[in-house]
Amino acid sequence: MAEKVARGKEIKSEAKKLKRELTLFPLFGLIYFTVCGGSFGAEPMVGYSGPLFTLVLFVLTPLLFSIPNMLMVREMSSMMPVEGGYYHWVKQAFGPFAGFMAGWMNWVVSWVDVSIYPVLGAYYLGFFIPALRTGAVIGGVEVPAWVLSWIVALILIWAISYLNVRGARLAGMTANWLGVVMLIPLILMSIVGIYNWIQGGVTVSLPFLPEGETLMGALSTGLFIAMWNFMGWELPTAAGDEIVKPKRTYPLAMVLVLVAAIATYSIPTVAGLYGGAGEGGRYLIWGIEENEDGEGIAAAVADYGVTEAQLQEWGVDPMASVGWEFPDIAHAIGTKATGDPNSPLANFLGISVSLAAILSMIGLFIGNGLGGTRVPFAMAEDGMMPRFLVKVHPKYGTPWVSILFCGVIFSIFSLQAFAFLVVVDVFLNMLVLMAEFIALWVLRFKKPNLPRTKVPGGYFGLVLVTLAPAFIITLAIVSQVSEEGFNSIWLALVAMAVGAALYFPIRKYVKKGIPDVDPYRLEPEKD
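Small disclaimer: the values here were computed from a predicted structure and weren't measured.

S.K.: Just give me the short version of the overall build of the chain, but keep the residues and values in it.
M.R.: A count of helices and strands for the chain gives 19 helices and two strands. Radius of gyration (C-alpha) of the chain: 24 Å, near the 24 Å computed for a compact globule of 527 residues. Taking as baseline every contact in the chain between residues at least 6 positions apart, the subset at least 24 positions apart corresponds to 80%. Only carbon and sulfur atoms are counted for the fraction: they give 68% of the accessible area of the chain, which is about 21600 Å². Of the charged side chains in the chain, 33 are positive and 38 negative, and the gap between their average positions amounts to 22 Å.

This is the structure in structure tokens:
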């Protein structure tokens with residue numbers, strides 16, 4: 001018995017070493033790079049759902065999905081502003097098994113999701129270092145491209161892991177400065193694009209939907225992409241014990257991020273569409289991917305009436321695997337301004353936006369890595385992960401063992417061989433998000449007297465806040481099954497089965513003697 005008490009005290013003492021240093025500005029950077037991360041990712045919405053419908057989705061998605069998410073997160077985090085965030089929300093609503101599964105499932109998602117950003121960073125860096133795409137001979141030994149790319153990814157992973165160990169505030173401030181530098185090329189691109197639009201004296205006529213596309217088809221694809229570009233509001237709550245005045249700071253940071261995200265997506269998109277990269281049907285190749293490996297995008301856009309001759313006229317290789325992304329769009333804007341595709345302006349805009357894409361990937365790794373590294377610590381603090389994960393750095397006040405442990409996992413999953421596992425993300429993440437909304441309802445009845453910042457509008461407001469995300473989440477899961485087949489669900493179910501199998505021995509042997517964390521504790525916030 002004495003040993004059990006000592007074990008509990010040791011864990012509690014260790015958890016108290018966490019430094020509460022995330023103020024509004026660094027928290028803004030971390031949430032921004034969790035939810036948004038720049039304009040990149042908006043291009044497929046234009047190509048698959050149509051230019052004007054994309055602009056409508058930039059308004060509808062925050063209203064129907066982001067704001068309900070934010071209101072849910074605000075209420076739940078105001079009750080339980082502690083390390084672990086959503087893990088405790090689901091646990092308090094449905095019990096320890098459901099809480100463990102929520103934490104486990106989102107942690108598994110982070111293995112794949114967070115790991116892909118250093119890989120994409122290395123991919124964009126290949127624009128400047130061709131060896132990352134073609135391979136190189138080093139010391140007489142031929143080194144494949146994937147090895148060189150993996151080395152770059154490892155450098156990024158461990159540099160940022162070290163940054164995270166040094167402190168959440170330092171990570172957040174770094175994310176902010178990355179964001180500032182990343183946005184400069186996008187702002188310059190937007191200025192030139194809007195200048196082209198004004199200088200032309202004529203507004204290009206753009207359709208609402210791509211030719212031959214139905215409204216429901218465009219909605220299902222566009223809403224799915226938009227959802228991914230405006231989600232993740234709950235993930236940084238996993239660092240609750242590291243946020244200064246979390247009940248006030250977190251909601252304010254979310255509002256600022258929402259405004260920044262809408263502007264980041266919409267302004268460069270409008271500048272591109274009307275400033276040289278949308279006219280003459282060019283919008284049709286935004287974000288388009290080939291249907292089959294090696295087939296090229298020509299077959300994918302043929303249904304929209306785009307010929308190979310048109311693609312070549314636009315400077316696009318019909319056998320390319322992807323259509324225009326923002327670096328290409330920036331180059332097209334520069335070409336429109338100068339009339340020369342090889343002009344210094346066109347090349348400068350294309351190259352600078354490519355650099356911005358690299359910074360975006362690094363920022364996304366920092367932002368998403370925050371939640372991914374804090375959840376195992378919070379679960380270990382609660383006795384549901386091995387005790388060695390509950391180690392806080394004596395100087396920096398961060399869960400350094402959990403951060404380094406996750407760094408090892410991210411390093412393994414950054415191998416290209418694991419890229420196919422990205423399909424598990426949608427299903428697992430959507431199930432956890434749905435559980436969080438249901439937990440919002442359950443805790444209203446289960447713990448009605450707990451102080452919280454409620455969703456406005458009473459139960460009618462609660463219904464409104466829940467319905468739209470529930471529809472979008474269901475649509476996302478159905479879309480995944482229809483597009484990826486049941487193999488994607490099968491992989492996700494395997495991940496869930498592994499988590500369920502681990503729960504019982506962890507509960508019996510690891511949890512033994514460790515008291516539950518009280519998620520409702522928090523010192524009063526002073527003005």
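S.K.: Outline a nonpolar patch on the surface, supporting the account with residue identities and numerical values.
M.R.: A surface patch of nonpolar side chains, amounting to about 760 Å² of accessible area, comprises Trp177, Val180, Val181, Ile184, Ile187, Leu188, Ile191 and Phe348. The greatest single-element share of the nonpolar patch, amounting to seven residues, is contributed by helix α9 (residues 168–200). Relative to the elements of secondary structure, Leu188 occurs in helix α9.

S.K.: Talk me through unusual backbone geometry; I want residue IDs and the actual numbers.
M.R.: Of note, Lys245 is a non-glycine position whose phi angle comes to about 45°, a positive value. Topologically, Lys245 is positioned in the loop between α10 (215–229) and α11 (246–277). Lys245 gets classed as partly exposed once you look at its relative accessible area, which sits at 31%.

S.K.: Could you give an account of the environment of Met254, naming the residues involved and the relevant values?
M.R.: Locating Met254 in the fold gives a position in helix α11. Sequence-wise, Met254 and Phe94 are 160 residues apart; in three dimensions their C-alpha atoms are separated by 27 Å. The residues touching Met254, leaving out its near neighbours within four places in the chain, are Ile31, Met70, Val73, Arg74 and Trp233.

S.K.: Lay out the packing of helix α8 (residues 145–166) against α9 in plain terms, naming residues and giving numbers.
M.R.: Packed helices, taken two at a time, are described by the angle their axes make and the gap between the axes. With their axes 5 Å apart at the nearest point, α8 and α9 run at an angle of 125° to one another. On the basis of their axis angle, the class for α8 and α9 is oblique. Here Leu163, Asn164 and Arg166 of α8 come into contact with α9, specifically with Ala168, Leu170, Ala171 and Thr174. Tallied by class, the residues present in the contact of α8 with α9 amount to four nonpolar, two polar and one charged.

S.K.: Run through the pattern of salt bridges, naming residues and quoting values.
M.R.: Inspection of every chain in the model, using the stated rule, returns nine salt bridges. We note a salt bridge from Asp241 to Arg20, for which the minimum N-O separation is 3.6 Å. One end of the pair, Asp241, is in the loop between α10 and α11; the other, Arg20, is in the loop between α1 (2–15) and α2 (24–35), and 221 residues separate them in sequence. Note that Glu75 is salt-bridged to Arg452, the shortest N-O span being 3.9 Å. Here Glu75, found in helix α4 (residues 51–79), pairs with Arg452, found in the loop between α17 (424–446) and α18 (458–484); they are 377 residues apart in sequence, far enough to count as distant.

S.K.: Describe the packing of aromatic side chains, naming the residues involved and giving the relevant values.
M.R.: What the rule picks out here adds up to 22 aromatic pairs. For the ring pair Phe58 and Tyr265, a centre distance of 6.1 Å and an interplane angle of 10° mean the geometry is stacked. Pair noted here: Phe58 is in helix α4 and Tyr265 is in helix α11, with a separation of 207 residues, a long-range link. Given the relative accessible area of 0%, Tyr265 is considered buried. An aromatic cluster is built from Trp104, Trp107, Trp111, Phe388, Phe405 and Phe413, whose rings are joined through pairwise contacts. The lysine or arginine in question, Arg444, covers the ring of Tyr459, its NZ or CZ lying 5.8 Å from the ring centre.

Scoring rules and cut-offs
Residues numbered from 1 in each chain as written. Predicted model: local features only at pLDDT ≥ 70, side-chain atom pairs only at ≥ 80, totals over all residues. Heavy atoms only, no water. Helix = DSSP H or I, 4+ residues; strand = E, 2+ residues; numbered from the N terminus. Rg over C-alpha atoms; globule rule 2.2 N^0.38 Å. Contact = heavy atoms within 4.5 Å. Areas by Shrake-Rupley, 256 points an atom, 1.4 Å probe, with all protein chains shown as cover. Lys, Arg positive; Asp, Glu negative; His and termini not counted. Charge placed at Lys NZ, Arg CZ, Asp CG, Glu CD. Patch = residues over 30% accessible without salt bridge, like charges linked within 9 Å, V, L, I, M, F, W, Y side chains within 5 Å. Salt bridge = Lys/Arg side-chain N within 4 Å of Asp/Glu carboxyl O. Buried < 20%, exposed > 50% of the residue type's maximum accessible area, 1.4 Å probe, protein only. Axes fitted to C-alpha atoms, helices over the stretch in contact; angles between N-to-C directions. Parallel < 35°, antiparallel > 145°, perpendicular 65-115°, else oblique. Nonpolar A, V, L, I, M, F, W, Y, C, P; charged D, E, K, R; others polar. Phe/Tyr/Trp six-rings, centres within 6.5 Å; stacked < 30°, edge-to-face > 60°. Lys NZ or Arg CZ within 6 Å of the ring centre and 35° of its normal.

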